[in-house]
Amino acid sequence: MAFDTLPVVEYPDPILRQVCEECDIKDKSLKKLAKQMAKTMYKNNGCGIAAPQVGVLKRIIVIDCDQEDGRQDPITLINPEILELKGELITEEEGCLSCPGISVPECRREYAVVKFTDFDGEDYIIEGDGLLGRCLQHEIDHLNGKTLFESAAPAARLKALRDYEIARAAGAKPGETSID
């Protein structure tokens, strides 16, 4: 069965500022949603996507930070919860499917430990640094109603909001991290 992509919700849509509700693991529609989210993420050259980014206020994210050689192996995390953040604070540019045309300097811990549930109701722990650690933190922020703008330092936030307005006016599309 082919799954359709979903439209990406873009900032300043208020759904992106809402806290998502826990998923009922018995909800059979979660698998279809996860497949549609993955297809949407890949279509827009993303490495992570959260349900509110496709208009669904549920605690579910899909990530794939290792897409070398065109290989796609998405991981679905249901009701993810950060257990621990450790390591140095590192500032790197981040893009977001819901904030097309820009990247924003974000300061995050270098290592994340996250507990999640799979479709069978089994609990797992995923740990990662680098892009995976950053992606986990970024997508879980979405579940808590935080976008790149709320996560950024005040001066970076003001610049990012100005840049975003310019990018939107120029017609930036999800997956684009600059309008150059």
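Residues numbered from 1 in each chain as written. Predicted model: local features only at pLDDT ≥ 70, side-chain atom pairs only at ≥ 80, totals over all residues. Heavy atoms only, no water.

Quick notes on the overall build of the chain
Line of reasoning, step 1. A tally of regular secondary structure across the chain gives 4 helices and 5 strands.
Line of reasoning, step 2. Starting at the N terminus and walking to the C terminus, you meet the elements of the chain as α-β-β-β-β-β-α-α-α.
Line of reasoning, step 3. For the chain, the spread of C-alpha atoms along the principal axes amounts to about 45 × 40 × 35 Å.
Line of reasoning, step 4. A total of 180 residues make up the chain; the buried ones form 44% of that total.
Line of reasoning, step 5. A separation of at least 24 residues holds for 65% of the contacts in the chain among residues at least 6 apart in sequence.
Line of reasoning, step 6. Per element, the accessible surface of the chain, about 9,400 Å² overall, is 49% carbon and sulfur. (Helix = DSSP H or I, 4+ residues; strand = E, 2+ residues; numbered from the N terminus. Buried < 20%, exposed > 50% of the residue type's maximum accessible area, 1.4 Å probe, protein only. Contact = heavy atoms within 4.5 Å. Areas by Shrake-Rupley, 256 points an atom, 1.4 Å probe, with all protein chains shown as cover.)

Here we look at helix H2 (residues 130-143)
Line of reasoning, step 1. Between its first and last C-alpha atoms H2 spans 21 Å; for 14 residues at 1.5 Å apiece the expected length is 20 Å, and the two agree.
Line of reasoning, step 2. Burial analysis of H2 places 11 of its 14 residues in the buried class, the great majority of the element.
Line of reasoning, step 3. Those residues of H2 that fall on the buried side of the exposure criterion are Gly133, Arg134, Cys135, Leu136, Gln137, His138, Glu139, Ile140, Asp141, His142 and Leu143.
Line of reasoning, step 4. Where H2 is buried, its residues touch strand E1 (48-50), strand E2 (60-63), strand E3 (75-94), strand E4 (104-117), strand E5 (123-129) and helix H3 (148-151). (Expected span 1.5 Å × (residues − 1).)

Overview of the nonpolar core
Line of reasoning, step 1. If you look at the biggest cluster of nonpolar residues, it comprises 17 residues, and the most contacted ones within it are Leu33, Met37, Ile49, Val54, Ile60 and Val62.
Line of reasoning, step 2. Elements represented by at least two residues in this core include exactly helix H1 (29-43) and E2.
Line of reasoning, step 3. Considering every element that reaches this core, the biggest residue donor is H1, with 7 residues.
Line of reasoning, step 4. Residues in contact with Val62, not counting those within four places in the same chain, are Ala34, Met37, Ala38, Met41, Cys47, Gly48, Ile49, Pro74, Ile75 and Thr76.
Line of reasoning, step 5. Residues Cys99, Ile102, Ala152 and Ala172 belong to the second largest nonpolar core, which totals 16 residues. (Core = buried A, V, L, I, M, F, W, Y, C linked by side-chain atoms within 4.5 Å.)

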